[in-house]
Structure formats: structure tokens, C-alpha cells
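So the chains spell out like this:
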Amino acid sequence: HLGFRGTEALGNGLKAVFQFENGVGADTGAMFNSARDTYAGLAGAFGDIKLGTLTTPTRALGTAIDVNVGATSIGDNKALINKAGFDTRQGNTVQYSSPSFSGFNAAVAYVSGENKTADNVAAKADASAWDLGLNYNNGPILAGFTYANARSRDVVDTQIKNTRIAGAFDFGVGTVRALWNSTKNENNVGGNLKQNVWGLGGTFNAAPNGKVIAQYYKANNINGTSNTGAKLFELGYEHSLSKRTVLKAIYARIDNDNAAAFNFGSNGVNNVAAGNDPSGLQIGIRHAF
């Protein structure tokens, strides 16, 4: 990915901030092929407020707990936890993030849909979403709670609610991580679907510049429906040649139940049908500049 960011001092501690960032598809020849965090905003002693395409609190907590550098891998946890779509960047978003108080900070985002229909149309719609987060990040401890609610405002008032709790502890030679996520899909005609996902992960510094990474996530069955769960396994090694350059090798696999079709969150396998079990080997180099 390639981007630009900057600030402008406005006086009295107030700053204008901006970022433009986009994905570069080297294998397809697409210069800009995916929207990443791109915004304009204001920052000061009050915290910051940004408007644009943003990583909202739910996604931020999920990527913080993932064991992969940059949360980019065929085995990253988005494969199982992104049921509600909150683990993707959200367009048309305004987000406020507070300053940190003894390690605590809060964030709230509002996402405005662009699907509003005229009042005289039978199937009216006006989608929107809220995403709230509270985090503690101090010393070896990271912990967070998020809640997101998306409303389609369609004829059956479809709502998707997502609750997430996660934490990590750094004990010097490695880390342990845990996450629990619950997604509910509700409407006013009796629809009430719920699926819980939990996961454990860890890293271990096996060499001065290298670490083993591993994580396991399990999606339980959707309530009232059998064989709709899945398991994600990932094992890998990351070797730092410098602070900016990392070599990596990853093996990942998803075991789907007979009625489930989960796929990798990044570089997924094509045409995964229910009951298929995607697996893959990823070897690469990551350089930050």
C-alpha cells in the first residue's frame, strides 16, 4: 500500500490532520485497487475527530489481537470474525477518539449509508451504523471491548449487532492473546440468528530476530442450525532483518462444517463451497518505508 499523511498547526494546540492511503495491486497492474484509511480531521488536547474511510473500533481491536505483523496473512483472524462486515474499513464515517488517560481511551464512530430511497418507494431504506470501543493499553496489558450496531432500515428493520471482548499480555519473550465475538442478525418478522466466535493466539521469540506465531479460532454453530461452524488454524515464523524488513512463512487452514463456507480474510481461495476446507502456504517479505 502507498499513502501520504500530514498535519497543519492551526494554533492553540489545534492541528488539521489528513491521510490518503490505498492498496497497490502489483500482480494485477492496478495502481489503486482498494480503499484504506483515508480521511481529513482535527486533533488537539480533546483527542481527534476524523471524517472519511476509517478503521472503526471493532476492526481496530481485531487487528490488534491478530498475531500477524500488520494483521495481513491468509491466516489472519478476519476469516472467522468478520461475519458482520465490521472488520472492514467503513466509508462515510465520522469518528471521535479520546486522549489516553492512564492507558484508557474511548472511540465512537458513526457510519452513514448511501442507500436512502425516496419516501414514496415501498421498500424504503436508509442504512447506518454505530461502532463504540473502550480500550486499555498500558505496559504489558492490552484489553478492549467494542459494540457495533448496523441498521438497514428496510421493510423488516434488519439489524446486525456485534459485541467483542479481547485482550493480550506481553511477558517479554512472547505474547498470549484471546478474543470472543458475538454477532446477531435480527429483524421484526421473527429472524434472530446468532453466532459466537472465540480464539486464542500467541507469539514466541524463538531467536533474537525471529518469532513463532500461532492462533486457533473457532466459530460455533449458528443458533438453531447444525453444521454451520468452522475452525481456523495458523502456524508461522517471522524473521526481522531490520526494524523495517520482515521475512515470513505461514501455513493456514480452515476446517468448515458441512453447511459452512468460511474463507480466508486475505487472498481467499476461489469458489469455496459449503464443507470445503481451504488451506494455503504463504511465503513473503514485508518492508515498511
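Cut-offs applied
Residues numbered from 1 in each chain as written. Predicted model: local features only at pLDDT ≥ 70, side-chain atom pairs only at ≥ 80, totals over all residues. Heavy atoms only, no water. Phe/Tyr/Trp six-rings, centres within 6.5 Å; stacked < 30°, edge-to-face > 60°. Core = buried A, V, L, I, M, F, W, Y, C linked by side-chain atoms within 4.5 Å. Buried < 20%, exposed > 50% of the residue type's maximum accessible area, 1.4 Å probe, protein only. Helix = DSSP H or I, 4+ residues; strand = E, 2+ residues; numbered from the N terminus. Contact = heavy atoms within 4.5 Å. Pairing = 2+ DSSP bridges. Salt bridge = Lys/Arg side-chain N within 4 Å of Asp/Glu carboxyl O. Polar contact = N/O pair within 3.5 Å; in protein donor to acceptor, adjacent residues only side chain to side chain.

*Asks:* Which residues make up the packing of aromatic side chains, and what values do they have?
*Replies:* Scanning the entire structure with this criterion turns up five aromatic pairs. An aromatic cluster of three or more residues is present, and its members are Trp198, Tyr216 and Phe233.

*Asks:* How would you sum up the nonpolar core? Please name residues and give values.
*Replies:* Judged by nonpolar contacts, the single largest core of 23 residues is most densely connected at Ile65, Leu80, Tyr217, Ile254 and Phe262. Those elements giving two or more residues to this core turn out to be helix H1 (57-65), helix H2 (78-81), strand S10 (159-170), strand S13 (210-219), strand S14 (230-240) and strand S15 (245-256). Those residues in contact with leucine 80, other than ones at most four positions away along the chain, are Val197, Tyr217, Lys218, Ala219, Ala230, Lys231, Leu232 and Phe262. Grouped together as the second largest cluster of nonpolar side chains are six residues, Phe86, Val111, Ala148 and Ala150 included.

*Asks:* If you had to explain the pairing of strand S11 (residues 174-186) to someone new, which residues and values would you point to?
*Replies:* Two strands pair when backbone bridges link them, and S10 and S11 are joined in this way by 12 bridges, in the antiparallel orientation. Looking at S11, one finds that phenylalanine 169 is bridged to valine 176. Where S10 folds back on S11, the antiparallel hairpin that results is connected by three residues, among which glycine 172 adopts a positive phi of roughly 95°. Joining the antiparallel neighbours S11 and strand S12 (residues 192-207) is a turn of five residues, in which glycine 190 adopts a positive phi near 95°.

*Asks:* Give a detailed account of the pattern of salt bridges, specifying residues and quantitative values.
*Replies:* Evaluated as defined, the whole model comprises 10 salt bridges. One salt bridge connects lysine 116 with aspartate 126, and the closest N-O pair in it is separated by 3.8 Å. With a gap of 10 residues between them, lysine 116 in the loop between strand S7 (104-112) and strand S8 (128-138) and aspartate 126 in the loop between S7 and S8 connect regions that are remote in the sequence. A salt bridge links arginine 151 to aspartate 157; its shortest N-O distance comes to 2.8 Å. On the basis of relative accessible area, arginine 151 is assigned to the partly exposed category, the value being 30%.

*Asks:* For the environment of glycine 11, give the residues involved together with the corresponding values.
*Replies:* Position of glycine 11 among the secondary structure elements: in strand S1 (residues 2-11). Here the alpha-carbon distance between glycine 11 and glycine 44, two residues 33 residues apart in the chain, equals 10.0 Å.

*Asks:* Please provide a residue-by-residue account of unusual backbone geometry, values included.
*Replies:* For serine 102, which is not glycine, the phi torsion reads 55° and is therefore positive. Structurally, the position occupied by serine 102 is in the loop between strand S6 (90-97) and S7. The phi dihedral of asparagine 267 falls on the positive side, at around 55°, and the residue is not glycine. For asparagine 267, the location among the structural elements is in the loop between S15 and strand S16 (279-287).

*Asks:* Hey, could you go over the environment of threonine 146 for me, with residue numbers and the actual values?
*Replies:* By the secondary structure assignment, threonine 146 is in strand S9 (residues 141-151). Taking the C-alpha atoms as reference points, threonine 146 and tryptophan 198, separated by 52 residues in sequence, lie 15 Å from one another. Among all residues touching threonine 146, those that are not within four sequence positions of it are Pro57, Thr58, Leu61, Asp131, Leu132, Gly133, Asn162, Thr163 and Arg164. A distance of 3.4 Å separates a polar atom in the side chain of threonine 146 from a polar atom in the side chain of threonine 58.

*Asks:* Report on the side chain of aspartate 87, specifying residues and quantitative values.
*Replies:* For aspartate 87, the location among the structural elements is in the loop between H2 and S6. Of the residues examined, aspartate 87 reaches a relative accessible area of 3% and is grouped as buried. Within the local environment of aspartate 87, its side chain forms a polar contact with the side chain of arginine 164, the two groups lying 2.7 Å apart. In contact with aspartate 87, not counting residues within four places along its chain, are Thr58, Arg59, Gly62, Lys78, Ile81, Asn82 and Arg164.

*Asks:* Provide a residue-level description of the pairing of S1, including the pertinent values.
*Replies:* Both faces of the sheet carry side chains from a regular strand, because those side chains alternate between them. As paired elements, S1 and strand S2 (residues 14-25) share nine bridges and run antiparallel to each other. If you follow alanine 9 over to S2, its bridge partner there is lysine 15. Linking S1 back to S2 in an antiparallel pair, the connection comprises two residues, with asparagine 12 at a positive phi of about 55°.

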